[in-house]
Each structure stands twice: as C-alpha cells, then as structure tokens.
Amino acid sequence: MSFSGEVKEELGKLANDARHCQIAELASILLYAGAVRIDASGSRIIEIQSDAPFVAARCGMLLERLQLAGKDAIQEACSHNTLYLGKKDSDVIDKALQTIKYREGDSAVNPLVMKSLCCKRACLRGAFLSIGSMSNPEKGYHLEFVCGDTQQAAQLVDTLMYYEIHAKVVTRKKYQVVYIKESEEIVELLNVIGAHISLMNLENLRILK
C-alpha cells in the first residue's frame, strides 16, 4: 500500500468525534466524493465511488453514527468500494442533505457546518479522504487535493490557513489542484486531520533523510 493509502486507512478507522464534527466530515465527503444527482426515474441518489475502500465505508459509518441510516441499510448500500443510496433510501438522502444543510448548486462545503476549528479539521479530513493524495516521502514531499473548481480550491486554501498551512493552487487540465510541498506543513496537516501514526512515520523518514 502507498503512503497515501496508509494515511487514508488510518483516517478511516478514527474513533468518534462530536456530532457537529461528524456532520462536518460527512458534508465534506458528500461534496468531494459523492455525486448527488437525479437518476433516470427522477429520484435523487447519492453515489460515492473511490479507489480507496475507506471513503465509502467512512461515509456509511458517519451516516450510521449520526442516526441517519441503520446498520443494515448501510451494509446493503456499501459494496465494492461504493456507497449507493437510491430511490428506496430517499428518507436517508433527505435527512443527510438536511443535516449538512446542503445547498443545491453550491460547489463548496456549507460554511454553517464548519464554523469551529474542530469542524474545520473534520472537513479537511473528509477532503483528504475524498480528493487528497500524498507522494512517497522517501522520494519527496508533495501533498495535494484535486478540486473540481476554483470555489472548492479557494475554500480549502482558506481553511488550511487557519492552521498556518500555506497551500498553493495550480490548474491541471480541468481541475484546480491545491498543493503543499513543505515537509513541516505536511506534518502539520497530518496532525490537524488526526493521522498521528502516519505523522510519526513521516517524521522518522525525515530524521533518516
């Protein structure tokens, strides 16, 4: 497994946050990894797909802990790294979107769910799980978030600044990529999002280098 995958695996296993932080992380995952859309029958669906199995599982866990869906419903919705909530789960979808105050057409996380610093941490955790990646620190230091548009990128840059993490943005094809190349700031981000084991592994590598 890549170092980036190890970070995501660690994040996927983190214990409970406070309810408001769970809402913030769920909002971030639904925004960055989820597709909330209308299917052919006119029903709203939420579909989360990821190369890492931890994202769909983490989203399902948050839905369950927030009592937006039962365990059986989540187990049925999660399969092959995908979480799919369709017509028969319309009540779950409505509750989830209402809880996170999801605004139709807005491409950034609603500021109402990330007012406090702890909720900003949760949003960054959800963002890294969904659209983040990190290079092998044995070869170099580079962490990035691949955003869909400038609004998402600007919000991430502003949120990172709360922790004095200075990120830059570059356009890559149709995406806006928020990236960090300073090892100290990558370490700080890992600390912020709660990836403490990965942080220690990275620090050990830095010492060896």
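What counts, and at which threshold
Residues numbered from 1 in each chain as written. Predicted model: local features only at pLDDT ≥ 70, side-chain atom pairs only at ≥ 80, totals over all residues. Heavy atoms only, no water. Helix = DSSP H or I, 4+ residues; strand = E, 2+ residues; numbered from the N terminus. Buried < 20%, exposed > 50% of the residue type's maximum accessible area, 1.4 Å probe, protein only. Pairing = 2+ DSSP bridges. Axes fitted to C-alpha atoms, helices over the stretch in contact; angles between N-to-C directions. Phe/Tyr/Trp six-rings, centres within 6.5 Å; stacked < 30°, edge-to-face > 60°. Core = buried A, V, L, I, M, F, W, Y, C linked by side-chain atoms within 4.5 Å. Contact = heavy atoms within 4.5 Å. Salt bridge = Lys/Arg side-chain N within 4 Å of Asp/Glu carboxyl O.

## What to know about unusual backbone geometry
Point 1. Positive phi is not limited to glycine here, since Glu164 has a value of about 60 degrees.
Point 2. Within the fold, Glu164 resides in the loop between α7 (150–161) and β7 (168–172).
Point 3. Glu164 gets classed as exposed once you look at its relative accessible area, which sits at 63%.
Point 4. One non-glycine residue, Lys173, lies in positive phi territory at about 55 degrees.
Point 5. Here Lys173 shows up in the loop between β7 and β8 (175–180).

## A few points about helix α8 (residues 183–193)
Point 1. With 8 of 11 residues buried, α8 is to be regarded as a mostly interior element.
Point 2. All of the buried residues in α8 are Ser183, Glu185, Ile186, Val187, Leu189, Leu190, Val192 and Ile193.
Point 3. Directly after α8, the chain includes Gly194, whose backbone phi takes a positive value near 95 degrees.

## Observations regarding the sheet that holds β7
Point 1. With antiparallel pairing, the 4 strands of this open sheet are ordered in space as β5-β6-β8-β7. This sheet does not close on itself; its edge strands, each paired only once, are β5 (132–134) and β7. Recorded for the sheet is a direction-independent mean angle of 25 degrees between the axes of neighbouring strands.
Point 2. By the bridge criterion, 3 bridges tie β5 to strand β6 (residues 143–147) in an arrangement that is antiparallel. Across the sheet, the residue bridging to Ser133 is Glu144, located in β6.

## Re the packing of aromatic side chains
The geometry of two aromatic rings is summed up by the distance between their centres and the angle between their planes.
Point 1. A complete count under the given rule lists 1 aromatic pair for this structure.
Point 2. Relative to Phe145, the ring of Phe128 lies with its centre 6.2 Å away and its plane at 85 degrees, an arrangement referred to as edge-to-face. One end of the pair, Phe128, is in helix α6 (residues 117–131); the other, Phe145, is in strand β6, with 17 residues separating them in the sequence. Residues Phe128 and Phe145 agree in their burial class; the two are buried.

## Notes on the nonpolar core
Point 1. Core analysis: the biggest nonpolar cluster contains 67 residues, and Ile48, Leu63 and Phe145 have the highest contact counts within it.
Point 2. It is helix α2 (residues 19–32) that contributes the most residues to this core, 9 residues altogether.
Point 3. Here Leu63 is in contact with Leu26, Leu68, Ala69, Ile74, Leu83, Leu85 and Ala96, once residues within four sequence places are set aside.

## With respect to the pattern of salt bridges
Point 1. Scanning the entire structure with this criterion turns up 7 salt bridges.
Point 2. The salt bridge involving Arg172 is made with Glu144; its shortest N-O contact spans 2.9 Å. Placement of Arg172 in strand β7 and of Glu144 in strand β6 is noted, with a sequence separation of 28 residues between them.
Point 3. Since its relative accessible area comes to 38%, Arg172 is described here as partly exposed.
Point 4. The partner of Arg206 in a salt bridge is Glu203, with the nearest N and O atoms 2.8 Å apart. One end of the pair, Arg206, and the other, Glu203, are both in helix α9 (residues 196–208), 3 residues apart, so they sit about a helical turn from each other.
Point 5. Through salt bridges with shared partners, a single network forms among Glu25, Arg58 and Arg125.

## Looking at the environment of Ala122
Point 1. The topology assignment puts Ala122 in helix α6.
Point 2. Separated by 55 residues in the primary sequence, Ala122 and Val177 place their C-alpha atoms 20 Å from one another.
Point 3. Residue contacts for Ala122: discarding those within four places in its chain leaves Cys21, Ala24 and Glu25.

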